[in-house]
Structures are given as structure tokens and as C-alpha cells.
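Examining the three-dimensional arrangement
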Amino acid sequence: MRLLFILLSVFFGTTASLLAQNRAVVGQVLDERKEPMPGATVTEVGLEKNATVTDVQGNFTLQLRGTSNKVTARTIGYLPKIVTVTAGSKVTIQLSPDVKGLEEVVIVGFGRQKRITSTGAVSTIKAEEIRSVPTSSIQNTLVGRLPGFFSQQTSGQPGADAAEFYIRGANSLNGDNKPLIVVDDVEYDYAQLSQLNVNEVESVTILKDAATTSIYGLKGANGVLVVTTRRGRIGKPRINVTAETGINKVIRMPKFLDSYSTALLRNEAVLNDAYGSSQAPVMPFSTDDLKKFKDGSDPYGHPNVNWVDAVLNNTSSQGRYNIDISGGNTLVKYFTSIGTYSQNGILKQFEPIGDQVNTNYYYKRFNYRSNLDFSPTKTLKLRFDANGRFEAVNNPGGVVENEGLFYEIGSYNYLAPYAMPLLNPDGSYSYSSYPGASTTSNAIINPMYRLGNGGYKRDIKNNYNLVVAADQGLGFITTGLAAKIQVSYAGNNNEGRDLSRNGLPVSKYDPVTNSYVLRGTRLPVYGISNTNDAFNSTTIVTASLNYDRTFGDHHFTTLLLLNQRNYINKGNVPINYRATTGRLDYDFKRKYLLGITVARNGNDVFQKDQRYGIFPAVSWGYNLSEEKFFKKALPFFDLFKIRGSYGLVGSDVSFPSTVESVIQYTTTGSNYYGSTTTEGALVNPGITWEKERKTDLGIEANMFNGKITLSGSYFYNYRYDQLINQNGVPSILGQDLPKRNLGITSNAGADGVISYRKSKGDFRYSLSANASHAKNKIIFVSEAPDYPYQAQTGMPLGLEKGYHYTGFYQLADFDASGKLKSGIAAPRGVVIQPGDLKFQDFNQDGVIDDADVTYLSRPNLPTTTYGLEFSGSYKGFTVRALVQGAFDYALRVRSVGSGDAFVGNLNSWNLERWTPETAATATYPRLGVAGNAFNTSSTISDFWYVNAGYVRLKSVDIGYQIPSSWLNKIRTVQSARVYVSGYNLLNFNKMGKFQQDAEIASKSTGAAYPLTANFNLGVLLGF
Amino acid sequence: MMYIMKYLNSKDALLIPVAIIILLSACKKDFLEQKKLSAIDETAVFKDSVRAKGVVNNLYSNLGMSFNSRRYNNTPLDAATDDAEPNLYDNGIASYYTYKLSNGAINSSNVDKDVWNKSYQMIRAANIYIKNKDNVPLTADTKNFWLAQVKFLRAWYYFILLKHYGGIPLIGDKVFEDGESINVPRSSYEDCVNYIVAELDQAAVFLPTTYPVGDSEDRRITKGAALAVKARVLLYAASPLFNSGARSDDPDHYVSYAAADNERWKKAADAAKAVIGLNVYSLYNLGAAPFYEQFLKNTPRDLPEAVLVYWQPANTSNNFYVENSANPVSRGTNNGYQGLKYIPTQELVDAFGMKNGLPITDPASGYSDGDNMYSNRDPRLTYTVHYNGALRYMGGAFGDQPVYTYTGVIPTSTNRSVTSASDDGMYRPTGTPTGYFRFKSMNNFGTGSGSELYRPWTLMRYAEVLLNAAEATNEYSGPTTEVYDWLKSIRQRALITAGTNGMYGLKPGMTKDEMREVIRNERRVELAFEEHRFWDVRRWKIAPQTENKETHGMEITRDATGKYSYRRVVVRKHTFTNAMYFFPIPQTELVKSSALKQNPGY
């Protein structure tokens, strides 16, 4: 490695030293502890283009060309300092840290700004704060830490547990509210982001308002998440090794009733269903059956199996290992990292020994990154980044239910407790047959057999990225001007490999005759198929001109940028996108701030004459704390800024890949009469992107020498021109209508964070609280509601139509003959009986039918989410803990997860069913098998909506930095830290009855892999 | 310029050529102009006779949408009558549209819009053809032939709408555009009938009576099809539902004629006789079981009885189309198997008389419930339903083996036919809730893959034409010799014994009312599972009786010695309200179109 540095130094360095002249200043920059400070910029005052950077020892040499005889030294996180120098003499400059946070830098689109002069709504987190959180996906670590960030983690499956997230909630009728994700200026999707190794990340920033997102034009309306990765800094080579290992423990494993209770309730249900029938029903279980279930005297004829225990473990393991090397000198800086991540599933091992077919869930990932910066001349910077990921996600192949193993486990039709014995007396596997059992032939086979011998479904993903950039200072034209060109390429290659076999031979043991009934005779061979193959690539070329200059009290920053993007997805028509963007930021004495952005974007999806749109935004800020009167009145404020922005941003997600100008006919079909020609849907050539007007008002304050920092925003977003279906046109038109840009919604809310920092001797701690609130509303959709109370306008996004639950039908509602009294509304077509769910009759026609459904309940996305974070350190000890919660949302449970009796396996909620005796306390309708669909979750009603909401101890990290005095014995190790960390450690919610997690997707069928709490032990060694 | 010179002298100039190349390529003017996709629009289609013919071919695609054996949740419309039930052991039963159609839960908000939407889509496609018909480069004869098909097909889709909803908006040759205000009122029932009949008459002129054997076009419609559909439209129109005088709840006469008129029966009779008079159709009478075998034929020349046929696309799952939702599971699981979705009722079984032609209610018939109740029955019973012990091919070396529907003690065996009741029997999860399975028009496949058999759907066959003629003639002229002869020919083909008097069990000298009942029962038995019962009970106005009661199944319990006991069990209570004579106009259409009015009762 060292050899390479020397070579590079020789190559790039020699010519530079030839220019040395006489008026040289030699010096060293030190930090507050008098340690050398490498990488600090030293500039001659009055001649900003004459600058140099300190080396590893903090030393610099600067040729003075001007007359001021002063130099400025500056570096991030420190206050700049001006000193007077004399040519030929040595100077020492000591910098003090920026405790007031005035020089703090924030990331914005295509650049950085000082926090004090920034006018946008931005939240940032440094990756070192989240690096030890034991989860595979970066988005899972952000919730509760960034105001304005909303997320939902709907699954705990290794490799598929990444949370969905939104910035400032949702505002699009098109369902796609995903923010734009930009990693080092390359666009990523949710999945790619989740593959990123957090060890490679420097910071994560979300851009929330028009001032910061309009630069992304027609891609910015959903907000932008910007990730920057780590880069080398001037300094000695430093090697970090991290090793972590941990376990994942299921937070809530579903529990079901045993065979006896289930059989008893099945009889009750069958009896209930025959209410009002002229004949008595046939009971599925006799008293003899019940007795055998109860005493377990006939384990093969009357089995009683806990399938959860039989198939699943409670815990699984995970591991994470990283090595990175970074450092650099004035010519080259480097950051190189490799890492692996692996996480196993909770399936027990059933595959035959020596089979070598891993059927368990797992996630394996390998990440690599090399970020290189070259400075061949003083004004030219070259960047070369190469990074990528290989990963594999595994699923068991023997699962026959589309929704997955967890559906089967919860399902009465697949795995009732009396489905079959765990194993036959001879150790072979059986198959199921019982009232209500699945009829699919492969589904009746013992799941342990299928899981061990049914192969796997594996997704293999390869992702590779290259970025090449050159940044040329154009100081010879005018001070502060620079040009930059960047070309990036991102490619994804995904393949699916399925290994499967059906029709495993099983046998049913008959204890009466002591004989077996065979079903299939031979173990079939595996079949292999390739599925889900995907290829896509994005090439982005960006060229920009930057101009940053101060004239006296006036400071200008301008950016002129050309950006074009070519996206290829398999055999689809490529999509091309081009943007020209201009941006001007101006401040006067850092007191009055103004920002103007204009983006002109085009996308060739749209018709030629309406391909380009202009997205302007204006923002302003006023640093009151820079005013004399303010300083006098409220001297404890280090910073007090009010700011605002207003602008237009667009969104082109989920648009057709081509927009036609005339109706297309299809001539490819055929039937028995010959080839067919069909008219395509009517067209709307005028399709355009969604637009959002974003308004944001905010304050930012730092107080008491940076002890308290505070920022907050109010926002109002008005989204219009949303491409939606035209629902008001009669169907006798006879053709599908094109979508039109008609929809309008709004989204308003506020978010903010306040933190307090204190240090006393060796003890330092900080407390931080943040909260986010966002509430949306539909202002216009093209609708023709059947009845006025079924209108969607005025409701929040994402509601479902269903019945409003008002209680149970009680005995008093029926006459002596068991008939419902007249005047009580009821559905037609079913025999209503006591204990059935009763719904509101909205149109008061005495009949409960589809005319009585309305939009129900609350949306699935929380309107409010918050986080409380504590971090503290004492000598080598550090503690960091985050409590996170969300509320004001609902989710609809259904099917096997909700306790839909005899669709799902029976659980404790079903025991709270209505019976004449428990009429007053019942929380579940009377049991039935197929009697009244209105009692089941297949009929949507708010009975099945749960007011979700949760609080979690989201993450904890306790570490100890081993003192360097101990390490002296081991000479090669320069630093060592050991830590324990946890994720989802404590969980509070009211979802226990529904056997699911509070973040699970609405309409959940109970098929989700349960969320896990993760515990981790790690060590970080520096060499 | 100075700057540039200086620039060129500096070593930074290295970057200039690179920068210029990148910027030039980036600024390529046509970067957003790369899409050149071929397009076919309306003009291109109708300039090209092959593509234009494709428009006509496409109109055939939904010919069988109402007849479809798997129309609603894999069940046919018959599953919403007293002939059959949707499978009550299925967890999703309540969402079955045929379930709602027979329990009174149907309303304008939950009504299935398949027919409303699909028919108007087809009508639009037909109108587009008619708009462009003169642009197609064809000879006058061919133009007329194609236009005749288009007119027939458009009339057929209107008729499908008419039987569901009563009078519907007639839009003529109109092709609506996006953004056009569409607010067309319904036409009266009478206007719709007249329009459809006139269109069929026009089509019939240019349609051939037959196609030469082996002609590549021989699956297209014929003159006979146009006349037969006309006869059915007129038969429906003459029926009591429409032809009983003015209805106070139907001032616009959307679902009734303004006045009753017995002459409508004559029109219907004449129309049916016109089809008979073509002398091109005959009852299929080949093989040992002609009634069964006629449905397994798949070339036009083997279909002498077929009047109107939908040639569904041939592919593996279509080749098992009916079996895949009606097979007993012991013979099921063919490619595309949906599970058992519907089953025949005891009511349908009881409608079948004896081999001697007498109804089972006749004391002379020799019928009683018990071990022999399926013996000596109308041979059509065996080919319409599977009852306990009915034979079905098993596969492998087994050959034909019984299908068992009993409950109780099931013997153990490695032969699946012996244990068939564990899969197919009553109260088994995969079994039949009524004790029966459909067999009509299903092939006698074995388990597993079996050999495929392509079968078209016969939407109208000559037996129906005869029954249409018989019904209309009896209503107009009473039970004439003609009426007897038509019924006898049907019973003869069914292999009912002629009897010593050659009357095939028909009572000589019946009154008009007696004959009406015989014809109605003959229709039920002969045309079961062919989309007739649902419409027949409505147009005859007998649905309040037939569709308002409990349906039944036959519970057969086997004891350990193999002895059976029998019990009729209630399967489900049906509910019929007066509104249900017609489908409700979908509420979503009513709110979008102020001129559209709802059917009475909804």
C-alpha cells in the first residue's frame, strides 16, 4: 500500500514543488488539544484562490502572493481563524471547536451549505450514531431519529425486513409516495438502499421542502433522502475492523388452542350455523372424539400438535464483519471497505443430513467499496468510486401457500392442531384430513416434510456502481468558479433460483387396523427453475458550474447544472430524463438570506411538446441573532433564524413508460376464428407529471453556547395534476378510459427536534426529542359515489370502504320463535342470529347491504411519530438509547392473523366469543363455519380495525473504549472498543390479541414473518 | 481570449478534450427523442382486410360469457337455481355471486357488472367496424357477409343484456369519444326486442345456411343461428313475465309490454318453425349414449344438432374446462383444477323421470327412495349427474370405477376408488354437500392428467329449438300432434322406451296446462346446465315458488357391513324477491347517468 502512495506522490507531486518561490510561510495547524490537524485548509486573506491543505502532521507551506500578510485556517467543525504571518517564518495556528454550531454544514441537493445560511428544511444524521444498530437495513435505523421521517417495518424476514418509509407522510393518490433516494448522486430504490452497508456511510439527510427538493424537479415531490458515503481524509492509513455477532428473537410468536378446545368450538360453530334450519346438523366431532383429544389416548387417530413449536425456533443468529482502510495525503485520499452480513431464519432444520439443500430463511450480503480522491494539481480534483453488493435471500420452497409459511401455520385449513400426528409410529410423515382442511393435494402433506425436502426459493442480487468525476477550479477565469463533470453508472442483475419438488410420498397410519395408507410412493427429484430475473441500469451524466464568492458583505453561491439520466429496465423502452437547473444563494452579512432555484426537467415518457416543466422555488431566511438589538435583548442565543420557502416540485413515479397520442390497436391475439384485432384503451396524450406546491416555515435556534439546539417547521403541501382514473363516465362508452391529471390532495403538518447537551468533567451527555406530524386530505378525485356518504373527497388517503360496526345482535332483538324482530336492520340472504355482528344501516332501508358501506377508520400510516434519544459518555464508556413511538393510525387485520375462527387456527380471542351466557362481555362474534360472512373479516367492517400505536425501546448501544494504556502491550492495535447493542428491545402495543406486530401491513392476513428483537455483541479494532 | 490562451498553456488543459466530449454527448439534441415505436391505429386497421377481419373475429370472443360454466367464481348461472348449489363447503362461499343471486342478497351496489361492461365493449367494437365498413378493401359479397356477422354478434350481446336487465340503452351505431357527455336513457323492452329481431333478420339475409365441409370459415355463424336466436328472443318476449299486461311499477315499460298479446306466441312459434324448416339440423343420434356423446364432439361436421357454438380457444386448461370446477376430487386435479365449486341438487335429480318416460311422482313409475332409486331412471340422469356408485373412469388399470358420495364407515384400501368416499363423500372437506356431482358435458377422464379433450360450447342446439317450438305452439294452439312429435323425438334420442303405445311415456290427449308442465320439465331435464333454468323460472314467473324454498341433498350413510341408509337433508334455503326477476342496473351506472332508471324493486 505504502508503495502505491509513493508512486502516486512522485507522479502527481513533483511538478507542484517546482513552483516554490521565496515568500513562503511554513506553519502547523493544531486543534484545541494541541494535536496536529491534517486536512485543514489554509488560505491567503484577500486571495481566496491561493490556498493549501495541511498534511498528516498538520504542516503546510503557502506562497504568499498578496499583500495582506494574513492567512485563514479552517476545517469542518471548527471556527475559522485568521492570523498574521511573516514570510519565511514558522507559524502555529490553533483552532477552537465550533461549540455554537454556527459553522455546521448541511447536505443539500448537489452540494453543501452552512447551517447558518441555509434556508431549507433539512434533517441530518451522522452515520456513526447508527452504525452499531443491529439491523441489516439502513432505513430501519432512521425512524425516531429524523424529524419528518415516517416508516413501517412490516416483516422480520431476513433480507426482506427493510421498512417502507416516507418523508412528511404521504400525499399522492397514486399510492407511490416513495421519496427519491440519492446515494452519492446516484438514484437508488428502497431495496438498493436496504442493501447498503452502514459502515460505508458518512451521513444520511432528508430534504423536506421546496427550497431543497425543487432542484430535483419532477422527481422531488415526495422528498429526498440523500446518503453520502465515507471518503478518505488526510492522515496516516488507518485500518478498522468490526466484528459483531448476535441473535434475533421473535417478539411475538403466535399461540393457538389445542385439539380439544378447537374440536369443541368446531362443534359449537356447526351447531350455530344450523340456527333456524328445519333439521339438526351433523356434528363433526363425537363425544368419543372429544374425549380422545382431551386425554391424548389416541395420539395417531386424534392428534394434538403445536405446529408453531414443531416448525419454528424462537431465535436465530446474525453476524456482521467489516474491514475498512482509509487515509491519504495532499495528492490522494482513499477509503476502502469490505463487509459481510448474514442473518439466519427461525425455521427448524428438517432437511436430511448430508442433503446440502439449505431450505431455511436466510440473508447473506457482501459489500465492497473503494472511494478514491486524487488531486493531481491544485485546482483539479478527480474522484473514482467503485462499489457494489452481492446478496442472496433464501425462502423455504416447500411452502404451498402463496402468502408463505406463516400463513400456513396460522391457518386452520392447513394446520389445525388435529391435522395429523407430528410423525407416524414408524417415523414417517403423514398427511391431513379433517373438517375444513385444505383441498390442495400438496398442502395436506406434513409441513416438516415439505420444509425439509421441498427445496428453496432463492433470490440472488448483484448490484454494482461506478462514479467518475472531475472537479476543475476555474480560478484563472474568476475567483470562486469551478466546473465539475460526473458520470455514474449503476447496474442491478437479479436472478431467482427455485429448487422444488411436489408430491412427497406420505402415509396415513390407522391405529384401528395398525396399517398405513400410502399416498405417493417415490421421492421425486428436484426441479430447478429461474424466476424473477431482472436487469436494470442507470447512467447519469452531470455537468455543473459552481461559483462561490464573497464581495464585502455580499456572499453568493451559484450552481448551474445539467443532469441527464438514461434508465434501462430489461426489454422495456428506455426512459430518458434531462434536467437543467440553476440555483442562487445569497446572504448579506449572514443575516439576510435568499435562495432561488429553477429546475427545467424533461422526461421522454411524455409527449414532445409537454416534455419539459419548470420547477421554481424561492426561500428566505433571517438570522435575527445577527442583529444587534437581538443580541442585546437575548444574548444567550447563539443562533436564531426564521426561514421559509415556497416552490413547485413534481413527481413522475408510477407513470406509464409510453404515452400514446392515438388509440393503439392490438393485432396479436387470436381465437378459434382467426387472429383478432382489438381497440386499445382511449388515450390521453396530454398526460403530465404530478405537481406539488410546498410551503414551509421554520425556525432554528442554538442557545447557551450550543447546549440547546432547536429546529422546527410547519408545512403545507398541495399536490395537484395527479394522474387518476376517470370514474364519472358511464360504462356504455365500452372502452377503458385513460387516466387524467385531475387529482388534488393536501398534506399539512409539523416536525421538529430539540436537543440538550451537557458536559461535566469526563461526563458528557445529551438528550434529544423529536416529533413529526403529517395529515393528508383528498380535495378532488374523479368519483361517482353510489351514495353521498360513500364519497372519498374530504377523507384522508388510503381508507377502505366497509361497514360500521355497532355491536352484536342480542337476544332481545329476537322474538320467541328466534326470528329477528321487525324494524331491526339486517343483511339479506343470511339467517341472522344472536351474537352476529350488527352494522349501521346508513340509508335506513332496513337492509344491511353494500349501500351501507362508507370509508372507514383511519389510514394505515401513522400521522404522528416521535423519538427520544439519550446518549452519554464517561471516560471510555458510552451509552446511547432511543425510544420510538407512533400513533394515530389503524390497521385492518384479517384472515389467519386476526383470529378469524376456522379460517385461522383458534386462539384466545376466539374464546371471548359471543354465547348467550357471555353476551355482556363478548368481544368476538358467535362462532360459525360458513354461516354468516358478515361475521368474518372477509366482510370489511371496522370491527376488524385495530387502533394501532406503539412505543418501542428501539435501540440501545453500550460501549467501552479500552484505554490506550492497556493497548500498548499489543502494539499493532491502536484503539479498541467493545459494545453491546440491541434493536426493538422493549415493545408496547395493544396488538397481542391479534397475534401480530403493530407495524404490520394493514389488511394483513397474518402471513408476515414476525418482527424480531436483535441483540448484538461487537468489537471494533483500529490498527 | 487571454484566459483561454492561458488555460491552454496550463497542464489543466488535459481536461479540456474530455470535458468537451462529455458535454457534447450530453447535449445531444435528440436525447429525449429516442422512442420510435411502431403503432397501429384505426385507419391502419381498416385499410388492411386481415386486420379488419380480426375485428370481426374478436367479436366472437365473448359469445359464451353468459353460458360460461365458470362464469361466477367458477360456477355457472345454474348454481343460482334449484338445479344446483355453489359448494357450501368452500370457505369463500358467501362471496360467490351465484350464492348471492339465490339468497336475496343481490342489490344495485353489489351486482356483478360483467355483462353490462363486456356487452357494451363488444357493441362498441361492432360499431367501430360498422363505422369503417366501407373502407375495408373487399368485394361486395364479402363485405355483406362480414357485416352480417357483426350485426348478428351485436344483436346477440344486446340480447344478453336484455335478458339480464330488461330494456337497456340502445346506442345504434354510435362510437363514443373520451370527454363526450354520455347520458342515454333505457329503451323500452318492446323497442329492444324489435331492434334485436330486425338486426337478426338483416343478418340472416347474408349468412349462409351451411358451410362446405372443411371450409376454413366453418365455425362462423349461419343463417340458422340468426333465426334460432330470433326465435328465442321472441319466445322470451311472449312469456308471462313480459307478456302479462302493463305493470304499475314499470311506467316506461322497460321490463314489460304495455299490453298482453297472445299473438306474440305465434310469432315465437313461427320463428322456431322457420329454423326447423331449414332442414339442416337434426338431433345427434350416434353411439351407445347419444345424449352424452353429443357434447364431446369437436368438429363442425360432427355437430348436426349445434345451432350456435362458441369455439373457445383450445389449450390445456380449456380442454378440462368444465371438469376443473365440477369434478369429484377423486377424479379431479387436472391441469388448472379449481376444486369442486358447484353440485347438483336432489330437486334436479327428482325432475328426471323413469326410463319408461313417467315422472317419479307417478304411482305407476315404480320409483321409491332407497337402494334402487337410481335404477331404471331416464337415461339422461346418468349422463347429467353422478350419484353414489355412478361409474367414472379411474385411470391406470382400474377402468370405470364407482364414485362414492356416502358418509359413515369408509373401508380402507390402497385402491382409491374404494376409499373414494373419504374424498368425495358428504361431510368430507373435499366432498359434495348434496351427494351429487355434475357429469353432463364432462369427459370421462381418469385421475391425474388424463387425455385432453377439446370441446366447444354449444350455446344453442336443435333440441332447444324443438322445445321452443313446442312451448310456443302449445301456448298458441294447444298440444297439437306437432308438439307431441317434437317431444317424442327428443325422448327417443334420450333412449326412453317408446312403450307399447309409442308415446314415450307421454300421456295422450293432454290439456294445454298439462302439456305446459310436461314441456317445462322436459326443458329442465334436457337442457340442464345449459343456462336455461335461471331464465326459464323467471320468464315463466314460477321463481317465487321454485326459488323460495330449501334445496335438498341425499345423505347416504354406510354402516360397517356396507349397508346404506338414506335421508333427504336440507342443503340451503333460497330466497327470491319480486325485484329479482331482473338484475339491478349497477348503482355506479345510475349515478353517472341521470337518464338511466333503476329496475322495479331495487
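This structure is a prediction, so every number in the text was calculated from the model and none was measured. Each chain has its residues counted from 1, following the order in which its sequence is written. Labels follow written order: the first chain is A, the first ligand is 1, and so on. For this predicted model, a pLDDT threshold of at least 70 governs which residues receive local features, and a threshold of 80 or more governs which side-chain atom pairs are given and counted, while totals over whole chains, interfaces and linings are taken from all residues. Side-chain descriptors were evaluated using all non-hydrogen atoms of the structure, hydrogens and water having been removed beforehand.

What follows is about the overall build of chain B. From N to C terminus, chain B includes 21 helices and eleven strands. Split into buried and exposed, the 602 residues of chain B put 59% on the buried side. Contacts are residue-level and defined by heavy atoms, with any inter-residue pair within 4.5 Å sufficient. Taking all contacts inside chain B whose residues are at least 6 apart in sequence as the whole, residues at least 24 apart take part in 68%. When the accessible area of chain B is evaluated, it comes to approximately 22,100 Å², of which 53% is carbon and sulfur surface. Of the side chains in chain B, 69 bear a positive and 64 a negative charge, and the two mean positions are spaced by 4 Å. We count a stretch as a helix when DSSP gives it H or I for four or more residues in a row; a strand needs E for two or more, and each element gets its number in order from the N terminus. A simple rule labels every residue: compare its accessible area, found with a 1.4 Å probe on the protein chains alone, to the largest value its type can have, and call it buried under 20%, exposed over 50%, or partly exposed in between. Here the Shrake-Rupley method, with its probe set to 1.4 Å, supplies the accessible areas, and only the displayed protein chains count as covering residues. Lys and Arg are tallied as positive, Asp and Glu as negative. Neither His nor the chain termini are counted. Charge positions are represented by NZ for Lys, CZ for Arg, CG for Asp and CD for Glu.

Across its full length, chain A holds 13 helices and 48 strands. Using C-alpha atoms as the atom set, the radius of gyration is obtained and then compared with a globule rule of 2.2 Å times the number of residues to the power 0.38. Compactness check: chain A gives a C-alpha radius of gyration of 33 Å against a globular reference of 31 Å for 1023 residues, within 12% of the reference. Here the C-alpha coordinates of chain A stretch approximately 110 × 70 × 70 Å along the principal axes. When burial is assessed residue by residue, chain A has 55% of its 1023 residues classed as buried. Long-range pairs, those at least 24 residues apart, make up 70% of the contacts in chain A with a sequence separation of at least 6. When the accessible surface of chain A is totalled, it reaches about 41,600 Å², and 57% of it is carbon and sulfur. Mean positive and mean negative side-chain charge positions of chain A (102 and 86 charges, respectively) differ by 9 Å.

This part takes up the pattern of salt bridges. Residue and element names in this part refer to chain B. Salt bridges are defined as contacts in which a side-chain nitrogen from Lys or Arg sits within 4 Å of a carboxyl oxygen from Asp or Glu. Under the definition given, this model contains 84 salt bridges over all chains. Among the salt bridges present, the one from Asp83 reaches Arg533, with a minimum N-O distance of 4.0 Å. Of this pair, Asp83 sits in the loop between helix H4 (49-59) and strand S1 (84-86) while Arg533 sits in helix H19 (residues 533-539); the two residues are 450 residues apart in sequence, bridging distant segments of the chain. Each member of the pair Asp83 and Arg533 is classed as buried. For the salt bridge of Lys230 with Asp201, the shortest nitrogen-to-oxygen distance reads 3.1 Å. Pair noted here: Lys230 is in helix H9 (residues 223-238) and Asp201 is in helix H8 (residues 189-206), with a separation of 29 residues, a long-range link.

With that settled, the discussion passes to the packing of aromatic side chains. Residues and elements named next belong to chain A. Two aromatic rings from Phe, Tyr or Trp, using only the six-membered ring of Trp, form a pair when their centres are within 6.5 Å; if the ring planes differ by under 30 degrees the pair is stacked, by over 60 it is edge-to-face, and anything between is tilted. For the structure shown, the criterion picks out 87 aromatic pairs over all chains. A ring pair is formed by Tyr789 and Phe842, whose centres lie 5.3 Å apart and whose planes are at 20°; its orientation type is stacked. Of the two residues, Tyr789 is situated in the loop between strand S37 (763-780) and strand S38 (801-802) and Phe842 in the loop between strand S41 (837-839) and strand S42 (847-848); the sequence distance between them amounts to 53 residues. Lysine NZ or arginine CZ positioned within 6 Å of the ring centre and within 35 degrees of the ring normal marks a charge as sitting over the ring. A cation over an aromatic ring shows up here: Arg266 above the ring of Phe902, its NZ or CZ 5.1 Å from the ring centre. The positively charged end of Lys364 is found above the aromatic ring belonging to Tyr362, 4.0 Å away from the centroid.

Attention now goes to the interface of chain B and chain A. Contacts between the two partners involve 85 residues from chain B, matched on the other side by 85 residues from chain A. Here the quantity called buried area is the accessible surface, traced with a 1.4 Å probe, that two parts lose on coming together, added over both. Carbon and sulfur atoms make up 58% of the area that chain B and chain A hide from each other, which totals about 6,900 Å². Between chain B and chain A we count two salt bridges in total. Taking the shortest distance from any N to any O, the salt bridge between Arg124(B) and Glu679(A) comes out at 2.8 Å. Polar contact criterion, stated in full: a pair of N or O atoms within 3.5 Å, where within protein one must be able to donate a hydrogen and the other to accept it, and residues adjacent in sequence count only if both atoms are side-chain atoms. Inspection of the region where chain B meets chain A yields 26 residue pairs in polar contact (both at pLDDT 80 or more). Three categories are distinguished: nonpolar for Ala, Val, Leu, Ile, Met, Phe, Trp, Tyr, Cys and Pro, charged for Asp, Glu, Lys and Arg, and polar for the others, with Gly belonging to the last. By residue class, the composition of the side of chain B that touches chain A is 40 nonpolar, 23 polar and 22 charged.

Attention now moves to the packing of helix H7 (residues 140-165) of chain B against H8(B). All names here are of chain B. As a packed pair, H7 and H8 sit with axes 8 Å apart at the nearest point and diverge in direction by 155°. Here H8 runs roughly antiparallel to H7, going by the angle between their axes. Note that H7 runs across H8; the crossing there is left-handed. Touching Asn144, Phe145, Ala148, Lys151, Phe152, Arg154, Ala155, Tyr158, Phe159 and Leu162 of H7 are Tyr189, Cys192, Val193, Tyr195, Ile196, Glu199, Leu200, Gln202, Ala203 and Phe206, all from H8. Looking at the contact of H7 with H8, its residues break down into 15 nonpolar, two polar and three charged. Axis definition: a line fit to C-alpha positions, over the contact stretch in the case of helices; interaxial angles, taken between N-to-C directions, run 0 to 180 degrees. Every angle not falling under 35 degrees, over 145, or within 65 to 115 is termed oblique; those three ranges are roughly parallel, roughly antiparallel and roughly perpendicular. Note on convention: near helix rotated counterclockwise from far helix by under a right angle means a left-handed crossing. Clockwise means right-handed.

A word on the environment of Leu639(A). All names here are of chain A. Along the chain, Leu639 turns up in strand S31 (residues 637-651). For the pair Leu639 and Ala51, spaced 588 residues apart in sequence, the C-alpha separation works out to 29 Å. What Leu639 contacts, discounting residues up to four positions off in sequence, is Leu102, Arg115, Ile116, Asn623, Ser625, Glu700, Ala701 and Asn702.

Residues and elements named next belong to chain A. Counting through the fold element by element, Asn492 comes out in strand S23 (residues 481-500). A distance of 2.9 Å separates the side chain of Asn492 from the side chain of Asn463, its partner in a polar contact. With residues near it in sequence (within four places) discarded, Asn492 still touches Gln192, Asn462, Asn463, Tyr464, Ala534, Phe535 and Asn536.

Turning our attention to the packing of helix H17 (residues 481-493) of chain B against helix H18 (residues 512-526) of chain B. For any two helices packed against each other, the geometry is given by the interaxial angle and the distance between the axes. Residues and elements named next belong to chain B. Following both chains from N to C, one finds H17 and H18 inclined at 30°, their axes separated by 12 Å at the closest point. Considering their axes alone, H17 and H18 lie roughly parallel with respect to each other. Seen from above, H17 lies across H18 with left-handed handedness. Two secondary-structure elements touch here, H17 through Val483, Tyr484, Leu487, Ile490, Arg491 and Arg493 and H18 through Met515, Val518, Ile519, Glu522 and Glu526. Grouping the constituent residues of the contact of H17 with H18 by class yields seven nonpolar, no polar and four charged.

Turning to the sheet that holds strand S7 (residues 90-94) of chain A, a few remarks are in order. All names here are of chain A. At least two bridges found by DSSP between two strands are what make those strands a pair. The sheet built from three strands is open, its strands ordered S4-S1-S7 with mixed pairing. If you trace the sheet from one side to the other, it starts and ends with strand S4 (59-63) and S7, each paired once. This sheet shows a mean twist of 30° between the axes of neighbouring strands, independent of strand direction. Here five bridges tie strand S1 (residues 24-30) to S7, and the two strands are oriented parallel to one another. Counted as the bridge partner of Gly27 is Val91 from S7.

Moving on to H4(B). Buried within H4(B) we find Ala52(B), Gly54(B), Val55(B), Val56(B), Asn57(B), Asn58(B) and Leu59(B). Where H4(B) is buried, its residues meet strand S32 (665-671) and strand S33 (674-679) of chain A together with helix H3 (42-47), helix H6 (114-132) and H7 of chain B. Structurally, the start of H4(B) carries an N-cap: the backbone nitrogen of Val50(B) is 2.9 Å from a side-chain oxygen of Asp48(B).

For the rest of this paragraph, the subject is a nonpolar patch on the surface. All names here are of chain A. Among the surface-exposed residues, Leu594, Ile596, Val598, Ile614, Val618, Trp620, Tyr646, Leu697 and Tyr714 lie close enough to one another that they form a single nonpolar patch of about 800 Å² accessible area. Among the secondary structure elements, those contributing two or more residues to the nonpolar patch are strand S29 (592-603) and strand S30 (612-623). For Val598, the position within the fold is in strand S29. Patches here are clusters of residues that have more than 30% relative accessible area and form no salt bridge, with a 9 Å joining cutoff for like charges and a 5 Å cutoff for nonpolar side chains (Val, Leu, Ile, Met, Phe, Trp, Tyr).

Moving on: the sheet that holds strand S10 (residues 550-558) of chain B. Spatially, the three strands line up as an open sheet ordered S7-S10-S11 (chain B), and their pairing is mixed. With one partner strand each, in any of the chains shown, strand S7 (407-408) and strand S11 (564-573) of chain B form the two edges of the open sheet.

Turning our eyes to something else, we now look at H6(B). Side chains of residues three or four places apart in an α-helix project in the same direction, reflecting 3.6 residues per turn. Helix span is expected to be 1.5 Å times the residue number reduced by one. Over its 19 residues, H6(B) runs 27 Å from end to end, which matches the ideal 27 Å to within 8%, given 1.5 Å per residue. The buried fraction of H6(B) is high, at 14 of 19 residues.

Residues and elements named next belong to chain B. Among the structural elements, Gly425 can be located in the loop between helix H15 (420-424) and strand S8 (437-438). With 94 residues separating them in the primary sequence, Gly425 and Ile519 have C-alpha atoms 34 Å apart. Each residue touching Gly425, except ones within four places of it in the same chain, is listed here: Tyr404, Thr405, Tyr406, Ser420, Gly431 and Thr432.

Turning our eyes to something else, we now look at the nonpolar core. Joining through side-chain atoms within 4.5 Å is the link that ties buried Ala, Val, Leu, Ile, Met, Phe, Trp, Tyr and Cys residues into a set, and such a set is a nonpolar core. Core analysis: the largest hydrophobic core is formed by 142 residues, its most contacted members being Phe152(B), Trp156(B), Tyr158(B) and Leu308(B). Ranked by the residues each element gives to this core, the list is headed by H7(B), at 16 residues. Ranked by size, the runner-up nonpolar core spans 82 residues in total, among them Val311(A), Tyr414(A), Phe902(A) and Trp914(A).

Moving on: the confidence of the model for chain B. All names here are of chain B. Confidence scores per residue from the predictor, reported as pLDDT, run from 0 to 100. Averaged over all residues, the pLDDT of chain B is 91; the fraction at 70 or higher stands at 93%. Confidence drops under a pLDDT of 50 for residues 1-14, and excluding neighbours within four residues, the segment shows 16 contacts in the predicted structure. The ipTM value of the predicted complex is 0.87, and its pTM value is 0.85.

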